[in-house]
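Coordinate analysis (summary)
One-letter residues, chain by chain:
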Amino acid sequence: MTTRNPTDWKSDAMRKRIARRYAAERRFKFAGLFAVALSAAFLAFLLFTMIGNGLRGFTRTEIALQVNFPASPLLLDPANITDAALANANLPMVTGQVAKAALGPDADALLSPTAWISIRDAIKADPAILGQTVTIRVPASTTIDLAAKHEGAPEAEAAVERLRKAGLLTTGFNWGFLTSSDGTDPTQVGIWGAFKGSLLTMLVTLALSFPVGVATALYLEEYAPKAWWTDIIEVSINNLAAVPSIIFGLLGLSIFLNFMHLPRSAPLIGGMTLALMTMPVIVIAGRNAIKSVPPSIRDAALGIGASPVQVVFHHVLPLALPGILTGTIIGMARALGETAPLLMIGMRAFIATPPGGINDPATVLPVQIFLWSDEVSRGFVEKTSAAIIVLLAFLLAMNGLAIYLRNKFETRW
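Scoring rules and cut-offs
Residues numbered from 1 in each chain as written. Predicted model: local features only at pLDDT ≥ 70, side-chain atom pairs only at ≥ 80, totals over all residues. Heavy atoms only, no water. UniProt positions renumbered as here; feature names shortened; annotations may be inferred. Axes fitted to C-alpha atoms, helices over the stretch in contact; angles between N-to-C directions. Helix = DSSP H or I, 4+ residues; strand = E, 2+ residues; numbered from the N terminus. Left-handed = near helix turned anticlockwise from the far one by under 90°. Contact = heavy atoms within 4.5 Å. Nonpolar A, V, L, I, M, F, W, Y, C, P; charged D, E, K, R; others polar. Parallel < 35°, antiparallel > 145°, perpendicular 65-115°, else oblique. Patch = residues over 30% accessible without salt bridge, like charges linked within 9 Å, V, L, I, M, F, W, Y side chains within 5 Å. Areas by Shrake-Rupley, 256 points an atom, 1.4 Å probe, with all protein chains shown as cover. Salt bridge = Lys/Arg side-chain N within 4 Å of Asp/Glu carboxyl O. Lys, Arg positive; Asp, Glu negative; His and termini not counted. Charge placed at Lys NZ, Arg CZ, Asp CG, Glu CD. Domains from an automatic or database assignment. Buried area = accessible area lost by both parts, 1.4 Å probe. Polar contact = N/O pair within 3.5 Å; in protein donor to acceptor, adjacent residues only side chain to side chain.

An unreviewed UniProt entry lists the chain under the name Phosphate transport system permease protein PstA, with Sphingobium xenophagum as the source organism. Taken from UniProt, the Sequence similarities (unreviewed entry) comment for the chain reads in full: "Belongs to the binding-protein-dependent transport system permease family. CysTW subfamily."

See below:
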């Protein structure tokens, strides 16, 4: 009778052990696939909910209002249309009278309180209409707008049906949402002011944090001696990367505003504050990218007569630049979505005019989303979701540009 070796792969014990290993591998693979599927399901649910609510924010319901300018109490000279003359014409009162004559006594409930702005813009665009009877599309009230999107009360939906039968109601893309700024009426608000503020703030942040962060990483990796003070600097940079963002907001408030007396709620201050927050991330990513460059590159460059400065800027830095740009993407993406530090330096003010430069008062997209989400009017709910879509599109565009630049440098080398 022959005895089997316990390590023989043909033995029953070995086959059982192998079967258990394969079963464990299958379970692990299934757990990984389940985790990926669950994450994708949550992401899809988030995107579906946000886009479903946000797409309605890009549309606006308008009512066709027939205006008989010769019969209206407007005393305007078509040859001298100025902002002052339009301000003195009391267009809100005239619009209310015209609306009641055309739509009935409940016109105030049908039209937006800022419907007169559409009439003002029509006069400024073509002063010749002052002697004519024209049809101008003005924004409907929030109640009518929501009812037109099947979210209103039965009374509002009945009014919508009546206006549609009369051919006076239309719902279309709201270009004003992309070209206007903040306001008190959800039918007139826009995202351009906050978008421009975010763009200026990110430009200041990038202009300050990227060169300083890269220069710091180069010095610490290529030139700084190994001493106790460099260890302290390294530990400090790692700790700064983990500091809560609101601490940087307090730092910006105390130094840039209270001590240096720089303009409050300006992209310059916001960019400087976010640069302090982003710089440690860029330094850490830059050091790791520089450290990953093979020493043979440095030795070969020095062997053919290159100076240490030429080795760094002609060989090490170009090879490390893709990794540095990756760290910059992470840092800028974090800065783009920050709200707390910008609230501390006053960038939550009501800004009705887009900023003209980095010193003008401004707000940013995350703060604008926060402000709209805190409004009482239901019309701001869909505007908040639409602003989130704009913020995500801005983030994707910024990351796409950075990834393109990173791949371009990778191809070169």
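1. Let's talk about the packing of helix H13 (residues 295-303) against helix H14 (residues 308-336)
Where H13 meets H14, the axes come as close as 10 Å, and the angle between the chain directions of the two elements is 145°. Crossing hand, H13 versus H14: right-handed. Contacts between H13 and H14 involve Ile-297, Arg-298, Ala-301 and Leu-302 from the former and Pro-308, Val-311, His-315, Val-316 and Leu-319 from the latter. When the residues that make up the contact of H13 with H14 are grouped by side-chain class, the tally is seven nonpolar, one polar and one charged.

2. Brief notes about the packing of helix H3 (residues 91-103) against helix H5 (residues 116-125)
Geometrically, a packed helix pair is captured by the angle between its two axes and the distance between the axes. Look at H3 against H5: their axes get within 9 Å of each other, and the N-to-C directions meet at 105°. In terms of axis orientation, H3 runs roughly perpendicular to H5. Only Trp-116, Ile-119, Arg-120 and Ile-123 of H5 make contact with H3, whose side of the interface consists of Leu-91, Pro-92 and Thr-95. Grouping the constituent residues of the contact of H3 with H5 by class yields five nonpolar, one polar and one charged.

3. As for a positive patch on the surface
Residues Lys-16, Arg-17, Arg-20 and Arg-21 make up a contiguous surface patch of positive charge. Along the chain, the position of Arg-17 falls in helix H1 (residues 12-54).

4. Topic: the domain arrangement of the chain
Per the domain assignment, the segments of the chain are domain 1 (56-173) and domain 2 (191-409). Domain 1 and domain 2 are separated by 45 Å when their C-alpha centres are compared. On the side of domain 2, eight residues touch domain 1, which itself brings nine residues to the contact. When the two sides are added together, the surface that domain 1 and domain 2 hide from each other amounts to roughly 640 Å², 55% of it contributed by carbon and sulfur. The largest share of the area that domain 1 buries against domain 2 comes from Gly-57, Phe-58 and Leu-146, three residues that together contribute 63% of it. At the boundary of domain 1 and domain 2, one finds one salt bridge. Notably, a salt bridge pairs Glu-382 with Lys-149, separated by 2.9 Å at the nearest N-O pair. Counting the contacts that link domain 1 with domain 2 gives two residue pairs in polar contact (both at pLDDT 80 or more). Looking at the side of domain 1 that touches domain 2 element by element, the count peaks at three residues for helix H6 (residues 142-148). Its residues placed into classes, the side of domain 1 that touches domain 2 shows two nonpolar, three polar and four charged.

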